[in-house]
Amino acid sequence: MNVLYFAWVRERIGVPSESVETQAATVNDLVEELRAREDRYAAAFADTSALRVAVDQELTDFDAPLAGVKEVAFFPPMTGG
Amino acid sequence: MNVLYFAWVRERIGVPSESVETQAATVNDLVEELRAREDRYAAAFADTSALRVAVDQELTDFDAPLAGVKEVAFFPPMTGG
Amino acid sequence: MRIIVQEAPFDFGQQAQAFASGRQNMGAIVTFTGVVRDDASGALTAMEIEHYPGMTEAALTAIANDACARWSLGDVLILHRYGRLTPGEMIMMVATAARHRRDAFEAAEFLMDYLKSRAPFWKREVTAEGASWVAAKDEDEAALDRW
Amino acid sequence: MRIIVQEAPFDFGQQAQAFASGRQNMGAIVTFTGVVRDDASGALTAMEIEHYPGMTEAALTAIANDACARWSLGDVLILHRYGRLTPGEMIMMVATAARHRRDAFEAAEFLMDYLKSRAPFWKREVTAEGASWVAAKDEDEAALDRW
């Protein structure tokens, strides 16, 4: 699964994207796995209420299932316009 | 006093403007005088609720006083924009 | 603030660009443009717009001043044509510049609502069958209650 | 419908003119343009805009489709830039064409409200003292409740 990071999430984790081998059933499960990896992930995912997630390029919730998913992206609330 | 007519009021009365000698105290009094003149005025002023009036180029009401006024204009509701 | 009343066509793109350019302190620019709209049947030959020359600019200025008093605006433009226009021609435009988008949007809607019913313009539709004055719409009068 | 995501500057006047031209059946054209706004102190050096290339166009298209489903529109344009912009530069624009002005105005406000909080862009302000990500505003999230 390809995992993407944007804005300060990208800065905290240190890479814009990476390939992740996971059996996580939901986005929340994936977040738990990443948090357990290293401090920089724990820092980026300290408060998921401050984050948004897109699964296969569609905005969704942290309880979204990951079966068959190719791309997950984490980022702060958007500031377009 | 200069009296102006616009849109279908102008068409019914037949002139865009005319000089009127009057002692009318209010717009309503002026309307009564004009109505009494000729049928074309009576036709134009048959229903003043369908008309609007400007006194010295400011929108106002039919009970507005005419003392010192130089220009009165009658027209249907505006359709700008 | 610019108030323009003219018979000639105007270059909307140029006006919009000039209004929006060089505004480091205004984050939001809104424009509205009115176009002579043919009805579905294509029957409209022309739209004739009469106005009250002595009063028109003053009335538009008063409406623009009202908008500036109600919202935090950096600038306002009102441009309105008169005379004979054909379908597809632009009748008028307004533009507003503000720090915040809500002010720019609301002020532009306010300007349009007041232009519709309080600026001394009268429209006459010309078709192959004849000409008729456009009646003011109750909904346009009712729109003023919003402000 | 046109959805454009680009790094290069755009010609607002030309885009506005092209969007508004030749619309015999649409009486109302609204545009909104967002400009990089310097704060009062003049401290802003640049605004950097990051986006999510694979998702951005799809997200903007979905927002434009939502607007077309809610209002009677003849056309919609969304143009949004990314990259490094300086104060006074135009970040983005939307344009709507409708038969009636209320539809054109409301749809443009809707597009802006959704662009602010639902399109994958992130702004970073660069000043002489450093750079910081622009925080989403509660009022922008609240603005969505209107629709």
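In short, a report on the structure. (Residues numbered from 1 in each chain as written. Chains lettered and ligands numbered in written order. Predicted model: local features only at pLDDT ≥ 70, side-chain atom pairs only at ≥ 80, totals over all residues. Heavy atoms only, no water.)

1. Thoughts on the pattern of salt bridges
Working step 1: Under the criterion given, the structure shown has 30 salt bridges over all chains.
Working step 2: In this structure, Glu18(A) and Arg37(A) form a salt bridge, with 3.7 Å as the shortest nitrogen-oxygen distance. Of this pair, Glu18(A) sits in strand β2 (residues 17-19) while Arg37(A) sits in helix α2 (residues 27-37), placing them 19 residues apart in sequence.
Working step 3: Given a relative accessible area of 39%, Arg37(A) falls into the partly exposed group.
Working step 4: A salt bridge links Glu48(D) to Arg124(D), with the nearest nitrogen and oxygen atoms 3.0 Å apart. Here the residue Glu48(D) occupies a position in strand β3 (residues 44-51), and Arg124(D) occupies one in strand β7 (residues 121-127), the gap between them amounting to 76 residues.
Working step 5: Using a relative accessible area of 22% as the deciding quantity, one classes Glu48(D) as partly exposed.
Working step 6: Judged by its relative accessible area of 21%, Arg124(D) is partly exposed.
Working step 7: Several salt bridges share partner residues, and in doing so they unite Arg101(C), Arg102(C), Glu109(D), Asp113(D), Asp140(D) and Arg146(D) into one network. (Salt bridge = Lys/Arg side-chain N within 4 Å of Asp/Glu carboxyl O. Helix = DSSP H or I, 4+ residues; strand = E, 2+ residues; numbered from the N terminus. Buried < 20%, exposed > 50% of the residue type's maximum accessible area, 1.4 Å probe, protein only.)

2. A word on the pairing of β7(D)
Residue and element names in this part refer to chain D.
Working step 1: When β3 meets β7, the two strands line up antiparallel, connected through seven bridges. Pairing of alanine 46 across the sheet is with valine 126, part of β7.
Working step 2: Relative to strand β8 (residues 130-133), β7 runs antiparallel, the two being bridged by four bridges. Among the inter-strand pairings, threonine 127 is bridged to a residue of β8, identified as glycine 130.
Working step 3: Hairpin geometry of β7 and β8 is characterised by an intervening segment of two residues between the two adjacent antiparallel strands. (Pairing = 2+ DSSP bridges.)

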